[in-house]
Amino acid sequence: MKNRIILFVSVLILGLNLTSCGSDDGPTTSAEIFGKWELYKTGDKDGGGEYLELHEHQAGCIKDYVVFSVDGNFINTIFFDGCESYGYSGTYTKSGNTLTVNDGFDVTTLTIKELSSSTLKVYQTYSEDGETFTEITIFKRAN
C-alpha cells in the first residue's frame, strides 16, 4: 500500500516543471488544478536543499500522468514495459495549499509548493522509524 502512495506522489511530483523562486513567501497556488498533468521530476528534500531527478517514462509510450477532474475525482495512469498501463482512481480535495487524495485504500495529504498554469509541485512529508522524510513530485501540464 505504501508503494502505491509513493508511486502516486512520484507521478504527481514528476509531471510538473521545476521553477526556482526568488523568495520564500509561500507557495504560488493561483492556477486551477483541473486537467491532465504529466510526471516530470521526483526527488526529496534534505535539510535546505531539494534533490530532483527527471522521471523516466517508458520509451514509445504515453507519458505517465494524473488527471484532476472538476468534480473532485482523479485518475492516475502509469505505463510499464510494452506500454502496459496501470491506473487507479479516487477523489481529491484542494484547500489552499493542501491537496488531499483518497484512492479508496489510503488518504494522502500533500502540500502544494507551486501551482501555475504549467507546473504543479507537491511535497509529501512522513515519518518512519523516528525520522521525517519529504518527497517531492513535480508535474507539467499536458497539452
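Quick caveat, the model's predicted, so the values are computed rather than measured.

> I'm lost on the state of the cysteines in this one. Help?
Two cysteines, two sulfur atoms, one covalent bond between them: this is a disulfide. With the rule as written, the count across this model stands at 1 disulfide. There is a disulfide in this structure between cysteine 61 and cysteine 83, and the S-S distance comes to 2.0 Å. Where cysteine 61 bonds to cysteine 83 through sulfur, the torsion about that S-S bond is close to -100°, and the disulfide is left-handed. In this pair, cysteine 61 is assigned in the loop between β3 (49–54) and β4 (65–68) and cysteine 83 in the loop between β5 (73–79) and β6 (85–95), connecting sequence segments 22 residues apart. When its relative accessible area of 16% is taken as the criterion, cysteine 61 is described as buried.

> When you look at the packing of aromatic side chains in this model, what are you seeing that I'm missing?
The geometry of two aromatic rings is summed up by the distance between their centres and the angle between their planes. Considering all chains together, one arrives at 5 aromatic pairs under this definition. Note on tyrosine 86 and tyrosine 88: the rings are 5.8 Å apart at their centroids and 50° apart in plane angle, and the pair reads as tilted. You can call tyrosine 86 partly exposed: its relative accessible area is 33%. Tyrosine 88 sits in the buried class, given a relative accessible area of 6%. The rings of Phe74, Tyr86 and Tyr88 are connected pair by pair, giving a single aromatic cluster. The ring of tyrosine 65 carries the charged tip of lysine 36 above its face, separated from the ring centre by 4.3 Å.

Thresholds applied
Residues numbered from 1 in each chain as written. Predicted model: local features only at pLDDT ≥ 70, side-chain atom pairs only at ≥ 80, totals over all residues. Heavy atoms only, no water. Disulfide = S-S within 2.5 Å. Helix = DSSP H or I, 4+ residues; strand = E, 2+ residues; numbered from the N terminus. Buried < 20%, exposed > 50% of the residue type's maximum accessible area, 1.4 Å probe, protein only. Phe/Tyr/Trp six-rings, centres within 6.5 Å; stacked < 30°, edge-to-face > 60°. Lys NZ or Arg CZ within 6 Å of the ring centre and 35° of its normal.

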